[in-house]
There are 2 protein chains.
Amino acid sequence: MNSVLPSEAPTASLAAQPAATPSFRPLYQQIRDLILRSLQQGEWKPAEVIPSEMELAARFGVSQGTVRKAIDELAAGHLLVRRQGRGTFVATHAEQQVQYRFLRLMPDVDQADAEQPAQREIVECKRARATADVARALALKTGESIIQARRVLSFGGIPTIVEDLWLPGEPFRGLTAHRLSAYPGSLYAFFESEFGVRMVRADEKIRAVLPDVQQAALLQIPVSTPLLSVERIAFTYGNRPMELRKGLYRTDSRHYHNRLS
Amino acid sequence: MNSVLPSEAPTASLAAQPAATPSFRPLYQQIRDLILRSLQQGEWKPAEVIPSEMELAARFGVSQGTVRKAIDELAAGHLLVRRQGRGTFVATHAEQQVQYRFLRLMPDVDQADAEQPAQREIVECKRARATADVARALALKTGESIIQARRVLSFGGIPTIVEDLWLPGEPFRGLTAHRLSAYPGSLYAFFESEFGVRMVRADEKIRAVLPDVQQAALLQIPVSTPLLSVERIAFTYGNRPMELRKGLYRTDSRHYHNRLS
DNA sequence: CAGTGGTCTAGACCACGCT
DNA sequence: GCGTGGTCTAGACCACTGT
């Protein structure tokens, strides 16, 4: 039997599979998707506990082991975090552990003592209309309302990153330079707590480039300094693109770190 | 009970844990490490099948489920590959699927039709002595014997990558420019089939740089062209570093792709 | 001590690949 | 049809966290 009996799944119905098996879909994946939908719909908010495995098993009418495997996959994708003895929690960007989960620029020499956090300066933040490029990246239509921002990150007083951001206007309605500057945590923690938009995954395209005059000025470097260009699209639940970000990184005393396996 | 009874593990003994639990180590991790050791010692060679889950369960005196969880972890780390209905195989770099598993330089426009493979040209290949830097990266002593090579990769006739390689002399004894040039597959497939050295993981440090005169000449570009510098250390089983590679990538029509999650 | 996730087992059945 | 990995279950027990 490849589907949950409706009578045993009072709060959620799974699409029944025909007895013949033209397309087989494991139960635990169906459960995973149901949990995912609950996350998406905000049934449990970031940093909250979700129901225990036994509760979920009862709710979906499956065994604990099946729920466990569903949660395993979500935890592997950093959507959930398991804490033994306490419960399973909705993952959040606001955790102390990793300040910048998606920033891979590391100091060349690992100063053992805690590195002081980056200083952030908002250079610009305005409402605008999506160009064709931006619209394509954010799955919008050309001309739709967006928010555009530029900021500079400095480490130990040295301007190191200049970033341009493009955000869809609708979900981020009410975002202002002032609120951006005032927020103490990372941008993604800001999006999460202020707009309920949780970034789950990102794709980056990395190149070596030279800055234009303005970028060079912001980083206080000559225009002949090669920089890392990092173009990122960040996605929420359901692979919906919610941020386009183009960063320029100085790499003379830091490097972009990547592990291949 | 946290350890396998010796009587039930005839071909391998697991370290018994004291009844008090000062340090608890799950059984499946112990099994995983035993399988890992067998891989390391070459009991099963790349692309070969390993024994079935039931056989391994009998051999280690545990249930199939425990072996399964051990294999799951190794498969997640790309050390093993499961194929339903056929068995579990030792992973290899020689698979057709992904030509270059560790090369993340992608064409900007995805030509749907198969891209023709890169052309490879060995520029240099010589025996030498490890400098302090190289020795540190490869966990050797300064002055130990190494092999040094330089090659150029071209895509569609355009020289795109120039790479310098440093390899420990001992495991790669007998490597020559001729054998390098003659081998049809990727470098890592070559290391695997010709020297039994299987790379399992790699760390990369990425920067933006300008080429020196010689590098610019090899890539047929001006010295003012910013390039991606990719410094990679590749590891075999047991986190032993076995290759240092410094690559320069042209990124005007290709980009380094990375997925963050 | 109760409740949570984590481990381990044994057994049944399913999907897949080969012969 | 057989053997492989893949799914699902039910139950026991362990390790960890809070009260």
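What counts, and where the lines are drawn
- Residues numbered from 1 in each chain as written.
- Chains lettered and ligands numbered in written order.
- Predicted model: local features only at pLDDT ≥ 70, side-chain atom pairs only at ≥ 80, totals over all residues.
- Heavy atoms only, no water.
- Helix = DSSP H or I, 4+ residues; strand = E, 2+ residues; numbered from the N terminus.
- Buried < 20%, exposed > 50% of the residue type's maximum accessible area, 1.4 Å probe, protein only.
- Arc of directions from axis to C-beta.
- Contact = heavy atoms within 4.5 Å.
- Buried area = accessible area lost by both parts, 1.4 Å probe.
- Polar contact = N/O pair within 3.5 Å; in protein donor to acceptor, adjacent residues only side chain to side chain.
- Nonpolar A, V, L, I, M, F, W, Y, C, P; charged D, E, K, R; others polar.
- Pairing = 2+ DSSP bridges.
- Least-squares fit on C-alpha atoms with pLDDT ≥ 70 in both.
- Salt bridge = Lys/Arg side-chain N within 4 Å of Asp/Glu carboxyl O.

Within the element layout of this structure, Ile31 of chain B appears in helix H1 (residues 27-40). Taking C-alpha positions, Ile31 of chain B is 31 Å from Leu187 of chain B, a pair spaced 156 residues apart along the chain.

Let's shift gears to helix H2 (residues 53-60) of chain B. All names here are of chain B. Three or more residues of H2 are buried, namely Glu53, Leu56, Ala57 and Phe60. Here the buried residues of H2 occupy an arc of 105° about the axis, which is enough to place them on one side. Exposed residues on H2 whose side chains face more than 90 degrees from its buried face are Met54, Glu55 and Ala58. Lining the buried residues of H2 we find H1, strand E1 (49-50), helix H3 (64-76) and strand E2 (80-83). Phi turns positive, to about 70°, at Gly61, one or two residues after H2.

As a further point, take the interface of chain A and chain B. The interface is formed by 31 residues belonging to chain A together with 31 residues belonging to chain B. Together chain A and chain B conceal approximately 2700 Å² of surface at their shared face, both sides included; 50% is due to carbon and sulfur atoms. On the surface where chain A and chain B come into contact, there are 21 residue pairs in polar contact (both at pLDDT 80 or more). Of all the secondary structure elements, the ones that give two or more residues to the side of chain A that touches chain B are strand E7 (201-209), strand E8 (227-236) and strand E10 (254-260) of chain A. With nine residues, the single largest contributor to the side of chain A that touches chain B is E7 of chain A. Looking at the side of chain A that touches chain B residue by residue, the classes come out as 12 nonpolar, eight polar and 11 charged. As paired elements, E10 of chain A and strand E8 (residues 201-209) of chain B share five bridges and run antiparallel to each other. Among the inter-strand pairings, Leu260 of chain A is bridged to a residue of E8 of chain B, identified as Ala202 of chain B.

Attention shifts here to the relation of the copies chain A and chain B. Taken as rigid bodies, chain A and chain B are interconverted by a rotation of 180° and an axial shift of 0.0 Å, the fit giving an RMSD of 0.1 Å. Given the turn and translation reported, the copies of this chain are related as if by a two-fold rotation axis. Same-surface contact between copies: 100% of interface residues of chain A are shared with the interface of chain B.

All names here are of chain B. All told, the structure shown has 42 salt bridges over all chains when counted by the stated rule. Arg59 serves as the salt-bridge partner of Glu43, at 3.0 Å between the closest nitrogen and oxygen. On the criterion of sequence distance, the pair formed by Glu43 in the loop between H1 and E1 and Arg59 in helix H2 is long-range, its members being 16 residues apart. According to the relative accessible area criterion, Arg59 is partly exposed, its value standing at 22%. Between Arg150 and Asp164 there is a salt bridge, with its nearest N and O atoms 2.7 Å apart.

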